[in-house]
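Each chain, written out:
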Amino acid sequence: MATLKELAKVEERFVGGHRLCAGCGHGISVRMVLNAAEDANVVVGCATGCLEVASTIYPYTAWNCSFIHSAFENAGATISGVEAAYKSLKKQGKIDKDFKFVAFGGDGGTYDIGFQSLSGAMERGHNIVYVCLDNEAYMNTGIQRSSATPMGADTTTSPAGKVVPGKQQPRKDLTAIMAAHNIPYAAQTAISNWQDVHRKAKKAFDVEGPAFINILSPCPRGWRYNTPDIVELVKKAVETRFWPMYEVENGKWKLNYKPKKYVPIEEFLKPQGRFRHLFAPGNEHVIKAIQKEVDERWLALLERCGETPELPPK
Amino acid sequence: MKNKVAITGNEAVAQAMKQINPDVVAAYPITPQTEVVQIFSSFVSNGQVDTEFVTVESEHSAMSAAIGASAAGARAMTATSSQGLALMFEMVYIASSLRLPIVFPVVNRALSGPINIHCDHSDAMGVKDAGVIQLFSENAQEAYDNMIQAVRIAEHPDVLLPVSVNFDGFITSHALDVLEVLDDETVKNFVGQYQPEEYLLDAQNPVSMGNFDMYDFYFEHKRQQVAAMEAAKKVIEEVGKEYEAISGRKYGLVDAYRLDDAEMAVVVLNSAAGSAKGVVDELREKGLKVGVLKPRVFRPFPFEAVQDALKKVKAVAVLDRAETFSTLGGPMFADVRTALYDLKNDIKVINYVYGLGGRDLRLEDVEKVFDDLANIVKSGRADKFVNYLGLRE
C-alpha cells in the first residue's frame with residue numbers, strides 16, 4: 001500500500017472554496033475516497049444534500065473533475081446513466097479515454113429516499129462506486145431523523161421530550177442490505193483509519209461491477225461535539241463497536257478491526273449533544289437498549305465473518 | 001427510398017428509435033407504452049443498434065439515467081405513459097433546466113385515479129409547464145416522423161431542450177396503420193451525430209452540472225429556457241422543411257385543415273383531429289364553411305400560428321382531452337382563447353372536454369359541436385364556455 005507521502009502527490013479532485021462546516025466529515029471522506037482513484041479520469045455523481053449545496057454554488061465549483069447533481073433520490077440512477085453512456089460511446093469508438101464513476105449521497109439520499117434508485121443500480125451491475133456519507137440524519141434541512149439515525153438520538157423530528165426520549169427505533173443496517181445484493185464489494189469504514197478508507201476505496205474502484213462503501217461522517221451541528229475532536233469521536237464509534245469496520249467481497253464477510261477491550265457505548269454517546277438527555281435520571285433504560293443492540297449486532301457480525309461470537313473482555 | 005408498411009404506432013416509434021440508433025435508452029414498462037420498450041429491447045438483443053439499454057426500476061430512474069447519459073455526452077432517450085410520466089415529473093423539469101436534448105415518446109394515457117389505462121391527455125398536460133417541447137401526432141405516420149425530427153429539434157444549438165413525442169394510447173399505439181418509413185441511411189444522415197459542447201466524459205474539460213443556483217442566477221437561467229422555447233418555433237419549422245425534402249410530408253407548428261374560408265373551427269390535438277377532419281369533409285359537402293386546427297406543437301405554444309389560422313373565423317370550439325379542475329375548462333382552451341383575445345375580432349371561443357379515460361369521440365359528437373358553433377354564429381352569443389362531450393350528466 002502507498003505511503004501517505006505518495007498519496008499526497010495525487011491531484012486533489014475536491015478542492016478549497018467549498019462551504020462545508022468546520023469539523024464536518026464529508027470533505028475528509030470525499031478527499032480520501034477520490035485520492036484512491038489515483039490518476040484515473042473520474043466522474044462524480046452527487047445526491048442533493050450538504051455536500052452538493054456546499055460545493056457547487058453557481059457559478060463556482062469545488063470539483064476538479066466532472067461532476068453531476070440532478071436530484072435527491074436518484075444519485076444511483078443518474079451515475080448509472082453516465083456509466084451506460086461511457087460504455088456505449090467507448091464501444092462505438094466515440095471516446096477513447098477510460099473513466100471511473102463514483103456517486104456520493106448522504107444517509108437521507110441513500111438509506112431512505114434514494115434507496116430504490118441505489119438498489120436498482122446495484123442489481124443492474126453497473127461499474128460504479130456508491131459512497132454513503134452517513135451522518136445519521138437529514139442535516140441539510142436541519143437535523144431530522146432518518147432511518148440511519150441511531151436509537152435515542154435527539155433530532156428535530158425525534159425530539160427528546162418529556163415522554164419520548166429521542167428516536168425510538170434502531171438504525172437500518174444498510175451495508176448488510178447492500179451486501180445482500182450480491183455485488184462484488186460492499187464495505188463499511190471510518191475516517192479514523194485512513195489506511196482502511198484508502199484500501200477500501202481503491203478496491204471499490206478496482207472491482208468490475210458495483211461497489212458500495214458506507215462511511216460514518218459526523219456532523220458538528222447535528223451531533224453537537226467539539227469540532228476539532230471529529231476523528232477522536234469516530235475512533236470511539238469504532239472502539240465501542242457502534243460502527244464496525246468490515247467488508248464483504250464476493251459474498252465473503254471479513255471483519256477488518258476487532259477492539260481489544262470492551263468499551264461501553266457511553267464513551268461514544270457522552271461527547272455528543274444529541275445524546276445528552278440520555279444521561280438524565282430516568283433514561284438509563286435507553287442507554288441499556290442501545291448497548292444491547294450494539295452487542296447483538298456485533299455478535300451477529302462476528303458470526304457472519306467466521307469469527308468466534310464473543311464480546312471483547314471487560 | 002421510401003417503404004410502405006402496415007404497423008402499429010408503437011411499432012412505428014420503435015422503428016424510428018432503431019433508425020436513430022441512440023447511444024443510451026433507459027426505460028420502464030407501462031401500458032400502453034410497453035411495446036415500444038419490448039420491441040426496442042429486441043433490437044438491442046439482436047445487435048441491430050449500438051444502444052446501451054438501461055432497464056431501470058422506475059420511470060423516475062428512467063429519466064434520471066437518461067439525464068446522466070445525456071449529460072455524459074450520449075444521445076439518450078426514454079419512453080413512457082401516464083403514471084410513468086407523473087413519476088418522472090420532477091426529472092422532466094431538471095432535464096430541461098440542464099438543457100439536455102432527451103427525446104421521449106409519451107403514449108398518452110389517462111392519469112389515476114381512478115386507475116384507467118386508456119387514452120386521454122392528462123399525462124402530457126401535467127408537464128406542459130416543465131420546459132419540455134411537446135409534439136403531438138395524429139397517427140402512426142406522424143408519430144414516426146415526429147420522433148425523427150425531434151432529435152434534430154432537441155439538439156439544435158439554439159434549443160437544447162427535451163422533446164416529448166405524444167401519440168394516443170391504444171387508438172394510435174395499438175391500431176394497425178399504413179405508413180411510409182424511410183430507409184435507415186436516410187434517417188442516419190438526417191439525424192447526424194450528437195456533438196455536445198460540454199459533457200461529463202470530456203477528459204480534458206471537466207465540467208460541473210446541476211449546480212446549486214441561488215436568487216442571483218436562477219431567474220436568468222429560467223429566462224434562458226424561455227428564450228430556447230421561443231427559438232424552438234423557428235427551428236421546428238426549419239427542421240420540418242428539411243424533413244419534407246426527404247419524406248415528401250409537410251410539418252409545421254400547426255396543421256390548418258380547410259380553414260382558408262372557414263367561419264367555424266374546431267381546435268383539437270392528436271388522433272381526434274382525424275375524426276374532426278372527417279366530419280368537416282361531410283359538412284363541407286353540405287355547404288358549411290368549417291375547418292380544423294390541429295396544433296402539432298403544444299409547447300412552445302404556437303401563438304402566432306394559431307392567430308393566423310383562426311383570425312377570420314367567427315366561432316371556435318377548443319376540444320380538450322384533459323381536465324384542469326380550475327372550472328375554467330381544459331388547458332388548451334385557455335391558451336387558444338388568450339391568443340384570439342388579442343386579435344380583437346370578436347371571435348367566440350368555447351371549450352369542450354371530451355374523451356377522458358379513453359371514451360370515444362364519435363363523429364356525432366363533432367357534428368354536435370359544429371351545430372353549437374352554428375347557433376353561436378347565428379345568435380352572436382356564446383353563453384356557456386365550458387362543455388362536456390359524450391358525458392352522462
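From a predicted model like this one, the values you see are computed outputs, not experimental measurements.

Observations regarding the overall build of chain B
Reasoning step 1: Across its full length, chain B holds 13 helices and 16 strands.
Reasoning step 2: Relative to the compact-globule value of 21 Å for 393 residues, chain B shows a C-alpha radius of gyration of 21 Å, a close match.
Reasoning step 3: When its C-alpha atoms are laid out on the principal axes, chain B stretches across 70 × 55 × 45 Å.
Reasoning step 4: Classification of the 393 residues of chain B by burial places 59% in the buried group.
Reasoning step 5: For chain B, restricting intrachain contacts to residue pairs at least 6 apart in sequence, the fraction spanning at least 24 positions comes to 81%.
Reasoning step 6: Between the mean site of the 38 positive side-chain charges and the mean site of the 55 negative ones, chain B shows a separation of 7 Å.

Here we look at the sheet that holds strand β8 (residues 252-255) of chain A
The pairing of strands in a sheet happens through backbone hydrogen bonds and is either parallel or antiparallel.
Reasoning step 1: On the basis of which strands lie adjacent, the open sheet formed by nine strands has the order β8(A)-β7(A)-β5(A)-β6(A)-β4(A)-β3(A)-β1(A)-β2(A)-β9(B) and mixed pairing. With one partner strand each, in any of the chains shown, β8 of chain A together with β9 (208-209) of chain B form the two edges of the open sheet.
Reasoning step 2: Helix-sheet contacts for helix α8 (residues 194-206) of chain A involve β3 (99-106), β4 (129-134), β5 (185-190), β6 (211-216) and β7 (246-249) of chain A, and the interaxial angle to β5 of chain A is about 160°.

Quick word on the side chain of Arg109 of chain B
Residue and element names in this part refer to chain B.
Reasoning step 1: Mapping Arg109 onto the fold places it in the loop between β5 (103-108) and α6 (122-126).
Reasoning step 2: Among buried Asp, Glu, Lys and Arg side chains, Arg109 stands out as unpaired, with Asp123 the closest opposite charge at 7.0 Å.
Reasoning step 3: Within the structure, the side chain of Arg109 is placed 2.7 Å from the backbone oxygen of Thr31, a separation counted as a polar contact.

Description of the packing of aromatic side chains
For any two aromatic rings, the description comes down to two numbers: the centre-to-centre distance and the angle of the planes.
Reasoning step 1: In the structure shown here, the tally under the stated rule is 20 aromatic pairs over all chains.
Reasoning step 2: With a centroid separation of 4.9 Å and an interplanar angle of 75°, the aromatic rings of Tyr58 of chain A and Phe217 of chain B are classed as edge-to-face. On the criterion of chain membership, the pair formed by Tyr58 of chain A in the loop between α3 (50-55) and β2 (66-69) and Phe217 of chain B in the loop between β9 and α9 (218-247) is interchain, its members lying in two chains.
Reasoning step 3: For Tyr58 of chain A, a relative accessible area of 31% translates into the label partly exposed.
Reasoning step 4: For Phe217 of chain B, a relative accessible area of 29% corresponds to the partly exposed category.

Observations regarding the interface of chain B and chain A
Quite often, the size of an interface is put as the accessible area lost when its parts meet.
Reasoning step 1: Contacts between the two partners involve 42 residues from chain B, matched on the other side by 44 residues from chain A.
Reasoning step 2: Note on chain B versus chain A: buried area summed over both sides is about 3200 Å², and carbon and sulfur give 60% of it.
Reasoning step 3: Seen at the junction of chain B and chain A, the total is three salt bridges.
Reasoning step 4: Between Lys94 of chain A and Asp23 of chain B there is a salt bridge whose closest N-O contact spans 2.8 Å.
Reasoning step 5: Taken together, the connections running from chain B to chain A amount to 20 residue pairs in polar contact (both at pLDDT 80 or more).
Reasoning step 6: Broken down by secondary-structure element, the contributors of at least two residues to the side of chain B that touches chain A are β3 (52-54), α3 (59-72), α5 (89-97) and β9 of chain B.
Reasoning step 7: Sorting elements by how many residues they give to the side of chain B that touches chain A places α3 of chain B first, with nine residues.
Reasoning step 8: Grouping the constituent residues of the side of chain B that touches chain A by class yields 21 nonpolar, 14 polar and seven charged.
Reasoning step 9: Relative to β9 of chain B, β2 of chain A is paired through two bridges, and the arrangement is parallel. Bridging across to β9 of chain B, Ile68 of chain A finds its partner in Met209 of chain B.

So, the domain arrangement of chain B
Residue and element names in this part refer to chain B.
Reasoning step 1: According to the domain assignment, chain B contains domain 1 (2-247) and domain 2 (254-388).
Reasoning step 2: Here domain 1 and domain 2 have C-alpha centroids that lie 28 Å from each other.
Reasoning step 3: Residue-level contacts link 31 residues of domain 1 with 26 residues of domain 2.
Reasoning step 4: Here domain 1 is connected to domain 2 by four salt bridges.
Reasoning step 5: For Lys294, the salt bridge identified is with Glu138, shortest N-O distance 2.9 Å.
Reasoning step 6: Listing elements by their share of the side of domain 1 that touches domain 2, those giving two or more residues are α6, β6 (133-137), α7 (140-155), β7 (163-168) and α9.
Reasoning step 7: Residues of the side of domain 1 that touches domain 2, tallied by class, amount to twelve nonpolar, eleven polar and eight charged.

Section: the pairing of β5 of chain A
Residue and element names in this part refer to chain A.
Reasoning step 1: β5 sits mainly inside the fold: six of its six residues count as buried.
Reasoning step 2: With burial as the criterion, each face of β5 is covered, one bearing Tyr185, Ala187 and Thr189 and the other bearing Ala186, Gln188 and Ala190.
Reasoning step 3: In this region the chain leaves β5, passes through α8 and returns to the parallel neighbour β6; the handedness of that crossover is right-handed.
Reasoning step 4: With four bridges joining them, β5 and β7 adopt antiparallel strand pairing. Within β7, the residue paired with Ala186 across the bridge is Val248.

Details of empty space enclosed by the protein
Reasoning step 1: If you walk through the whole model with that rule in mind, you get one cavity of 30 Å³ or more.
Reasoning step 2: What the largest cavity holds in volume is close to 40 Å³.
Reasoning step 3: Grouping the amino acids of the lining of the largest cavity by side-chain chemistry returns two nonpolar, one polar and four charged.

Description of the confidence of the model for chain B
Reasoning step 1: Per-chain confidence: chain B averages 97 in pLDDT, with 99% of residues scoring 70 or above.
Reasoning step 2: Within chain B, the element-level pLDDT minimum falls on strand β1 (residues 2-8) of chain B, averaging 92, and the maximum on β6 of chain B, averaging 99.

Analysis parameters
Residues numbered from 1 in each chain as written. Chains lettered and ligands numbered in written order. Predicted model: local features only at pLDDT ≥ 70, side-chain atom pairs only at ≥ 80, totals over all residues. Heavy atoms only, no water. Helix = DSSP H or I, 4+ residues; strand = E, 2+ residues; numbered from the N terminus. Rg over C-alpha atoms; globule rule 2.2 N^0.38 Å. Buried < 20%, exposed > 50% of the residue type's maximum accessible area, 1.4 Å probe, protein only. Contact = heavy atoms within 4.5 Å. Lys, Arg positive; Asp, Glu negative; His and termini not counted. Charge placed at Lys NZ, Arg CZ, Asp CG, Glu CD. Pairing = 2+ DSSP bridges. Axes fitted to C-alpha atoms, helices over the stretch in contact; angles between N-to-C directions. Salt bridge = Lys/Arg side-chain N within 4 Å of Asp/Glu carboxyl O. Polar contact = N/O pair within 3.5 Å; in protein donor to acceptor, adjacent residues only side chain to side chain. Phe/Tyr/Trp six-rings, centres within 6.5 Å; stacked < 30°, edge-to-face > 60°. Buried area = accessible area lost by both parts, 1.4 Å probe. Nonpolar A, V, L, I, M, F, W, Y, C, P; charged D, E, K, R; others polar. Domains from an automatic or database assignment. Right-handed = clockwise from strand over helix to strand, strands pointing away. 1 Å grid on protein atoms, 1.4 Å probe; cavity = no way out; pocket = protein on both sides within 12 Å on 5 of 7 lines; lining within 4 Å. Points joined across faces, edges and corners; volume = space filled by probe spheres on them. pLDDT = per-residue confidence, 0-100.

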